[in-house]
Amino acid sequence: MSLPRSSTADLSGRNSSRAALDPKKHDELLEIASIDHIFQEMLADKATFFHNTQTALRGAAAITLVVGAATVPGLTQALPPAYQNPLLLAMIGFWFVLTFGKTVGFAVRNAWQAISGTLIAVLNSLVMNAVFPGGAKLAAVNGYKPAIAWIDLAVVVFLVMYLNISNRCRTFSLFYLAMFMMHFMNPHSHATFSRSWTVDINGTGVSYLVVCLVGTSLAVLFTFIPWPRTATREVELEIKHIKLGVSTLMSQVVASYNGTAQSSTVRSKLARGFRAITEKLAEIQGRLDLMWWEGFDLGDRGKLRHLSAAFVVLLRELTDIVRALQLAAQSDVTQSDDLMDTLNPQIADLVQFAVEILEDCGSMVADGDISTDEQERMKNRVRELMATMKRLTAAYTDKRSEAGLDPLDLDLLEEDFFMYNLAQMTQALARYTANYDPSPGDAVTRLQDAMLDIVDPDLSRNHWNFVLRGYCAYMTAFVWGVYLGNYNFLVAATVALVMSQFLGSAIERNLGRMQGVVLGVILPAIVLHQLPSCSGGMGTMLFLLIVFVFEAMAIYIYQSASSRFSYIAMLTAAFAAQSFFQPCEELSNDAATSHTAYAKVTATVSGIIIVLAFDSALANERPSQAARIYINRVMSRIRNGLEACLESKIGPPAQGVVKKELRAAEASHLEAAHEPRFWRAAYPEDMVEDILVLLEQLRLNMRCLEQTARKSGHPGETSFIEGDVEPVFAKVQGSEEFQYARHKLLSQYDQVVGLLLSSLEHEGEGQVKAVSNYEHDSSAIDVVLGLAQTLTNIRYNRDEKMVDDPRSRTAVAIFMFANIHYRLDDIVEVVLSK
């Protein structure tokens, strides 16, 4: 007796075989090529290039337009005196770049965060100038006390760092707080502020708030010019792509299972398809959030967002189910042809019917509303789908009975598992159509949650470390600016601009930030030095052309490059916009331009060095350590789920948490490859890459196992279950054999986890010791076989139709235990071989 082993083609393809190309394969390969083309389009959508180019041209046009207005002789003199300050005007372009984006929702959200952050600093300035009018420069008459100013700064900075506000809101708040408090504490400052609780529209605080409103408003305005680009439209397109991908995978997996396209090529293409869909599903949630900012969940826009979010949940569930089907389809063991051949046409028809229903559901979501007639029609179609599934499982049960097979047969576990997941697919569609609810909920409550989330504290360990690093860096930079920079706020402002909650590779990231700032300051200075004049007809046109081309290139890289380079381009575009945004007479002064560039570079580089020092000294973990921690968390959660299944104590599903931690492990893994080694051994990049693939497979195995171990499913029209279903292991939990198997399986799991975590330590000899001390437990598979035999000895009703009954759940549980065991063996093989 042996258990089937699903292949791990996602790793090395060691179980695959090469088939000779013959005429019979020609049509199959053409189909494979067309399928692969679908997923290539999904991963590298041609429209993305045009969208990024369009965004770059819009942003460059806006900056060029306003820079052109600033270079017009005498135009700035027409503004109120308080608004003629070149530094003040330059902030329009700076904040425009940091607010502008591809969609209306992105720009509106950024504008709100920028304005609210600026308002925090303005209100603090208003309070301090009401208590001590004029600040330090009028200390002789207002009783100014420096200690109170420092205490206020320390408390406000801590609150801004501690509260779980958005990064953009925090950046704007700390940036302007540095500026206003530096003027307030400077006895030689020429800045004027509101006094005695009155708002002075010409005061420094209010004028910078007005500039922030202008810059962010321009960012929102230019997402509408020449036509609006909305997150709503992007979500519609993404759902269309994902729906097509899921439908393609459903059809192709079934074709592979039926034996019409079993090859290593098919497996690699399906693996690519799953990766493409996973990436798209990870991206679409952010766009769904941006949709809220475009309509605030009011009216039809709220209905559309709500329906889109529910449909995305369905697509996620179907993706996991199709991946489960693939476990059976890619098995190394040949299916029972005599049993399944006559059922293959029915299976293909069922899946085609499910694909058609999925297409119809997506079309109704795109309409933004689902009428009562549409709901009833779709429910009738799903009832027909459920009836089709029941007929299929009845035929499957009859075939087993005719062949004289036991209700549970270890040689038919793939077939049992495949049929079970087909039932799960139909039930998922039934639950979705039964719960149509286009109402997005209380829009007022949703508005309050979005606008007032800045008072939500985050008590996680990583957040406290971010508060410690950011607070120390910011206060150090402020002290530096006061005592070493003659009250220069740019050092602290730079810290506010570049601090990040995600630590990553501190040295590489901060060197990149330094590169972006220097390029944004120096390149415009070089261009302006070579330019004869920015005044006059040809001079102005040449200057504006340079601004347009430079900003278009920088914004395009910001929008399209990977995360390692996009923030460099963002800083380059922002600081360049600030440098270009000067009156023409200022730009023509080489000495003034060079001195300004030198001062900016010195201050910003000093701020970045401070951030680098505190990130390196106070970080609670490096990226490689973070990857190890997240991998340990994933393994621990899967073990807890395995233990709960064995004890029939299943709690709420934890798949969402495991997925989140897997994504965090992947992000940390990508950063770990770029961290400096120093005395440490090389980071095992290839090994971790393969381990993350295996962990995703383990997560999928646990998802299926948890489903079978639950006491009940979803009784009613959306389920094949009538009443409660007894837990899979309830009948054998009291036996000594089961308890021994439970102990042996968990011990094997713990041993593999210990090997894996030790091998990920590259501080010293962790990898070598882990491999040398590991002792493989060859009896683990015997325990799995013994547990499987115990479960097969349970008597079930042979005539009961196998859909989602205790018999089918037991077969799935055995199959999943086998897969979990083999995945653990794969982890050991990866560690020992790499």
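## Some remarks on the overall build of the protein
Here comes step 1: Tallying secondary structure elements over the protein gives 30 helices and 0 strands in all.
Here comes step 2: For the protein, with 834 residues in total, the buried portion stands at 54%.
Here comes step 3: Summarising the internal contacts of the protein: among those between residues at least 6 apart in sequence, 84% fall at separations of at least 24.
Here comes step 4: Split by element, the accessible area of the protein, about 34900 Å² in all, is 58% carbon and sulfur.

## Quick look at the confidence of the model for the protein
Here comes step 1: Scored by pLDDT, the protein has a mean of 78; 76% of the residues are at 70 or more.
Here comes step 2: Put simply, helix H1 (residues 23-43) is where the protein has its lowest mean pLDDT, 51, and helix H6 (residues 146-162) is where it has its highest, 93.
Here comes step 3: Across residues 712-724, confidence stays below pLDDT 50; counting only partners more than four residues off in sequence or on other chains, it has 31 contacts.

## Digging into helix H21 (residues 563-580)
Here comes step 1: Across its 18 residues, H21 extends 26 Å between first and last C-alpha, which sits within 8% of the 26 Å expected from 1.5 Å per residue.
Here comes step 2: Counted residue by residue, H21 has 15 buried out of 18 residues, so it is predominantly covered.

## So, the nonpolar core
Side chains of a nonpolar character, in soluble globular proteins, are inclined to be buried together.
Here comes step 1: Leu422 and Ile827 are the most contacted members of the largest nonpolar core, which totals 123 residues.
Here comes step 2: A per-element tally of this core places helix H11 (residues 299-329) first, with 14 residues.
Here comes step 3: Leave out the neighbours within four places in its chain, and isoleucine 827 touches Met635, Ile691, Leu694, Leu698, Val752 and Leu756.
Here comes step 4: Counting 99 residues, the second-largest nonpolar core is a separate cluster that includes Ala70, Ala121, Tyr558 and Ile610.

## Section: the packing of helix H7 (residues 167-185) against helix H18 (residues 490-498)
Here comes step 1: With their axes 8 Å apart at the nearest point, H7 and H18 run at an angle of 175 degrees to one another. When the axes of H7 and H18 are compared, the pair comes out roughly antiparallel. In contact with Thr171, Leu174, Phe175 and Ala178 of H7, H18 contributes Ala492, Ala493, Ala496 and Leu497.
Here comes step 2: A class-by-class count of the residues in the contact of H7 with H18 yields 7 nonpolar, 1 polar and no charged.

## Overview of the environment of valine 127
Here comes step 1: By the element assignment, valine 127 lies in helix H4 (residues 104-131).
Here comes step 2: Considering only alpha carbons, one finds valine 127 and tryptophan 197, 70 residues apart in sequence, at a separation of 7.2 Å.

## Focus on the side chain of aspartate 152
Here comes step 1: Residue placement: aspartate 152 occurs in helix H6.
Here comes step 2: With no salt bridge to any partner, buried aspartate 152 finds its closest opposite charge in lysine 145, at an N-O distance of 16 Å.
Here comes step 3: A distance of 3.2 Å separates polar atoms of two side chains, one belonging to aspartate 152 and the other to asparagine 124.
Here comes step 4: The contacts of aspartate 152, once residues within four sequence positions are left out, are Asn124, Met128 and Met181.

## A few points about a nonpolar patch on the surface
Here comes step 1: A contiguous nonpolar surface patch, about 450 Å² in accessible area, is contributed by Ile151, Val155, Phe158, Leu159 and Trp464.
Here comes step 2: Assignment of secondary structure puts leucine 159 in helix H6.
Here comes step 3: Owing to a relative accessible area of 41%, leucine 159 belongs among the partly exposed residues under this scheme.

## A few points about the pattern of salt bridges
Here comes step 1: Tallied over the entire structure, the rule returns 23 salt bridges.
Here comes step 2: Residues glutamate 236 and arginine 233 are paired through a salt bridge, measuring 3.2 Å at the closest nitrogen-oxygen approach. Of the two residues, glutamate 236 and arginine 233 are both situated in helix H9 (residues 231-257); the distance of 3 residues between them amounts to about one turn of the helix.
Here comes step 3: By relative accessible area, glutamate 236 is classed as partly exposed at 36%.
Here comes step 4: Here arginine 233 falls in the partly exposed class, since its relative accessible area comes to 44%.
Here comes step 5: One salt bridge connects arginine 381 with glutamate 356, and the closest N-O pair in it is separated by 3.5 Å. Taken together, the residues span a long stretch of sequence, with arginine 381 in helix H14 (residues 372-402) and glutamate 356 in helix H13 (residues 344-367) at a distance of 25 residues.
Here comes step 6: For glutamate 356, a relative accessible area of 35% translates into the label partly exposed.

## Focus: the packing of aromatic side chains
Here comes step 1: Going through the model one piece at a time under the given rule, you end up with 26 aromatic pairs.
Here comes step 2: Considering the side-chain rings of phenylalanine 158 and tyrosine 471, the 6.3 Å spacing of their centres and the 85 degrees angle between planes classify their relative orientation as edge-to-face. Here the residue phenylalanine 158 occupies a position in helix H6, and tyrosine 471 occupies one in helix H17 (residues 461-483), the gap between them amounting to 313 residues.
Here comes step 3: A relative accessible area of 32% places phenylalanine 158 in the partly exposed class.
Here comes step 4: An aromatic cluster is defined as three or more aromatic residues linked by ring pairs; in this entry it consists of Phe94, Trp95, Phe172, Phe175, Tyr176, Phe180, Tyr208, Phe489 and Phe575.

## Considering unusual backbone geometry
Here comes step 1: Cis geometry is adopted by the peptide bond preceding proline 226, which originates at isoleucine 225 and carries an omega value of -5 degrees.
Here comes step 2: Take proline 226: it is sitting in the loop between helix H8 (204-221) and H9.
Here comes step 3: Located in the positive-phi region is asparagine 486, a residue other than glycine, with phi close to 55 degrees.
Here comes step 4: Within the secondary structure, asparagine 486 sits in the loop between H17 and H18.
Here comes step 5: Taking relative accessible area as the criterion, asparagine 486 reaches 64% and is therefore assigned exposed.

## Details of a negative patch on the surface
Here comes step 1: A surface patch of like charges, here negative, comprises Glu666, Glu685, Asp686 and Glu689.
Here comes step 2: Counting residues per element, the negative patch draws most heavily on helix H26 (residues 685-709), which supplies 3 residues.
Here comes step 3: Tracing the sequence through the fold places glutamate 689 in helix H26.

Here is what the cut-offs are and how they apply
Residues numbered from 1 in each chain as written. Predicted model: local features only at pLDDT ≥ 70, side-chain atom pairs only at ≥ 80, totals over all residues. Heavy atoms only, no water. Helix = DSSP H or I, 4+ residues; strand = E, 2+ residues; numbered from the N terminus. Buried < 20%, exposed > 50% of the residue type's maximum accessible area, 1.4 Å probe, protein only. Contact = heavy atoms within 4.5 Å. Areas by Shrake-Rupley, 256 points an atom, 1.4 Å probe, with all protein chains shown as cover. pLDDT = per-residue confidence, 0-100. Expected span 1.5 Å × (residues − 1). Core = buried A, V, L, I, M, F, W, Y, C linked by side-chain atoms within 4.5 Å. Axes fitted to C-alpha atoms, helices over the stretch in contact; angles between N-to-C directions. Parallel < 35°, antiparallel > 145°, perpendicular 65-115°, else oblique. Nonpolar A, V, L, I, M, F, W, Y, C, P; charged D, E, K, R; others polar. Lys, Arg positive; Asp, Glu negative; His and termini not counted. Salt bridge = Lys/Arg side-chain N within 4 Å of Asp/Glu carboxyl O. Polar contact = N/O pair within 3.5 Å; in protein donor to acceptor, adjacent residues only side chain to side chain. Patch = residues over 30% accessible without salt bridge, like charges linked within 9 Å, V, L, I, M, F, W, Y side chains within 5 Å. Phe/Tyr/Trp six-rings, centres within 6.5 Å; stacked < 30°, edge-to-face > 60°. Charge placed at Lys NZ, Arg CZ, Asp CG, Glu CD.

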